[in-house]
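# Per-entry structural report
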There are 2 protein chains.
Amino acid sequence: MIRYCTQCGQPVEPRIPPGDHLPRSVCTACGHVHYENPRLILGCIAEWEGRILLCRRAIEPRLGYWTLPAGFMENEETTLQAALRETREEACANVHSGSLFALVDVPHINQVHLFYRGQLQDGRHSAGQESLETSLFDEADIPWNSLAFRSVRFCLERYFSDRRQGHFGVHQFVLPPLPG
Amino acid sequence: MIRYCTQCGQPVEPRIPPGDHLPRSVCTACGHVHYENPRLILGCIAEWEGRILLCRRAIEPRLGYWTLPAGFMENEETTLQAALRETREEACANVHSGSLFALVDVPHINQVHLFYRGQLQDGRHSAGQESLETSLFDEADIPWNSLAFRSVRFCLERYFSDRRQGHFGVHQFVLPPLPG
């Protein structure tokens, strides 16, 4: 929620700019228009000897739950660079290149989640600053009831399904709001 | 470039917040941290009886050049909804559903471009507010030398190549900065 202008510090108000069709936060003093857009979350499905790397979250939301390494994409990087960086930061693990695997729309929180899949460069991993622990899981041992986010469940289900069929696709899903 | 705090209107300065690793615009008065992230551009490769819908731009940048209908994704919509909306707004055309076709990283301008492909619901199209004209082009007639953006060229080349082979993939490309 923008209350003051980023360019001059004066109050903004909702106005539809000329040629636009939605109200934006427009500065009452200098007229600067502030656009707010969805953010990209980038993550990795990283495999080592058939097992998948998960991180147990050390931060809210969903502290203590298991997730794929993922986080906000930064300016001046590519989607793949963001996915690999998040895997280094959260799991101290390096992934060989990577292929696009999933796009999850989460419109009720203005996010788009993209996941790449790839192989770890070696078996090494350990908890980064935002993780309590990291671990490699066989499919049979995935903590399905302790996963942090629905997009993580979606990715893992599709990944194991594709792996059994011997062919990886690019998957899409729109996450509806949680009930309540 | 953020100069003043969106929450209290006081000046910001670059600081690395605790637990972070990059400088952010942090408010000198209330401490609010402003994150700036890449933006998503969504577009459509819309086909009708084998021809592709292009729009001639009525606005800068690249006024007068031909483009696929595309624009900034808005909050509270999905990537597909954004692609279909842009096609309605710029070309007054309706597309049946759509499949993900291309992801183009443009890190030097902090953008990610996503393109869906789909069929027009009928042959109708006309110039929206941001277009001078719209037209359906056979592959042989695409105005290759008058295209507005490199990501449009990339999409069209891959689209026609896939169509010839009878199978559409999901394509990726990282756009380097233009020379100079």
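In this convention, every chain numbers its residues from 1, walking through the sequence in written order. Lettering of chains starts at A and numbering of ligands starts at 1, both following the order in which they are written. Under the rules for a predicted model, residues below a pLDDT of 70 receive no local features and side-chain atom pairs below 80 are neither given nor counted, while totals for whole chains, interfaces and linings still include all residues.

## Things to note about the overall build of chain A
Counted only if it meets this: Strands here mean DSSP runs of E at least two residues long; helices mean DSSP runs of H or I at least four residues long; both are numbered from the N terminus. Three exposure classes are used. Buried residues have 20 or more other C-beta atoms within 10 Å of their own C-beta, exposed residues have 12 or fewer, and partly exposed residues fall in between, all C-beta atoms being placed from the backbone.
Each helix and strand in chain A was counted, giving two helices and eleven strands. Listing every helix and strand of chain A by position from the N terminus yields β-β-β-β-β-β-β-α-β-β-β-α-β. Taken over the C-alpha atoms alone, chain A extends approximately 60 × 35 × 30 Å along its principal axes. When each of the 180 residues of chain A is scored for burial, the buried share is 37%.

## Comments concerning the confidence of the model for chain A
Our working rule: Confidence per residue, as judged by the predictor, is encoded in pLDDT with a range of 0 to 100.
The predicted model of chain A averages 97 in pLDDT, with 100% of residues at 70 or higher. For this predicted complex, the interface confidence score (ipTM) comes to 0.95, while the overall pTM stands at 0.96.

## Details of the environment of Val 12 of chain A
Residue and element names in this part refer to chain A. For the record, the criterion: Placing C-beta atoms from the backbone, we regard two residues as in contact once those atoms come within 7 Å.
Position of Val 12 relative to the elements: it lies in strand β1 (residues 12-15). Using a count of 21 C-beta atoms within 10 Å as the deciding quantity, one classes Val 12 as buried. The spacing of Val 12 and His 171 is 159 residues in sequence and 40 Å in space, taken between C-alpha atoms. Contact partners of Val 12, with chain neighbours within four places excluded, come to Ile 2, Arg 3, Tyr 4, Cys 5, Ser 25, Val 26, Cys 27, Thr 28 and His 34.

## Remarks on the sheet that holds strand β2 (residues 24-27) of chain A
Residue and element names in this part refer to chain A. Using the following cut-off: The rule for pairing is simple: two strands pair if DSSP sees at least two bridges between them.
The strand order β1-β2-β3 describes an open sheet built from three strands, whose pairing is antiparallel. In the strand order of this sheet, the two ends are held by β1 and β3 (33-34), each with one partner. The pairing of β2 with β3 spans two bridges and is classified as antiparallel. Opposite Ser 25, over in β3, you have His 34 as the bridge partner.

## Quick word on the relation of the copies chain B and chain A
Under the convention used in this document: The atoms used to superpose the copies are C-alpha atoms, taken from residues with pLDDT of at least 70 in both, and the fit is least squares.
Once turned by 180° and shifted 0.0 Å along the axis, chain B lies on chain A with an RMSD of 0.0 Å. On this basis, the relationship between the two copies can be described by a two-fold rotation axis. Of the C-alpha atoms belonging to chain B, the one lying closest to the rotation axis is found on Gly 9 of chain B, 2.1 Å away. Take the interface residues of chain B: 100% of them recur as interface residues in chain A, which is what a same-surface contact looks like.

## Looking at helix α1 (residues 79-91) of chain A
Residue and element names in this part refer to chain A. Let me state the cut-off plainly: Between the first and last residue of a helix there are one fewer steps than residues, each counted as 1.5 Å, and that sum is the expected span.
Helix length check: α1, at 13 residues, gives a terminal C-alpha distance of 18 Å against a target of 18 Å (1.5 Å per residue), a fit within 8%. Listing the buried residues of α1 in full gives Thr 79, Leu 80, Ala 82, Ala 83, Leu 84, Glu 86, Thr 87, Glu 90 and Ala 91. Immediately beyond the C-terminal end of α1, within one or two residues, lies Cys 92, with a positive phi of roughly 50°.

## Side note on the interface of chain B and chain A
Going by this rule: Each residue gets one of three labels, nonpolar for Ala, Val, Leu, Ile, Met, Phe, Trp, Tyr, Cys and Pro, charged for Asp, Glu, Lys and Arg, and polar for the others, Gly among them.
On the chain A side, the residues contacting the 35 residues of chain B number 35 residues. Counting residues per element, the ones that place at least two in the side of chain B that touches chain A are β4 (39-48), β8 (99-106) and β11 (171-174) of chain B. Looking at the side of chain B that touches chain A, its residues break down into 16 nonpolar, twelve polar and seven charged.

## A word on the sheet that holds strand β3 (residues 33-34) of chain B
Residue and element names in this part refer to chain B. Read from one edge to the other, the open sheet built from three strands follows the order β1-β2-β3, with strand pairing classed as antiparallel. At either margin of the open sheet sits one strand with a lone partner, and together these are β1 (12-15) and β3. Pairing analysis gives four bridges linking β1 to strand β2 (residues 24-27), with the strands arranged antiparallel. Pairing of Arg 15 across the sheet is with Arg 24, part of β2.

## Some points on the environment of Leu 100 of chain A
Tracing the backbone shows Leu 100 of chain A in strand β8 (residues 95-106). Through-space distance from the C-alpha of Leu 100 of chain A to that of Phe 115 of chain A is 6.2 Å; in sequence the pair is 15 residues apart.

## What about unusual backbone geometry?
Residues and elements named next belong to chain A. Residue Pro 61 follows Glu 60 across a cis peptide bond; omega there is -5°. Mapped onto the secondary structure, Pro 61 falls in the loop between β5 (51-57) and β6 (66-67). For Cys 92, which is not a glycine, the phi torsion comes out positive at approximately 50°. Inspection of the secondary structure puts Cys 92 in the loop between α1 and β8.

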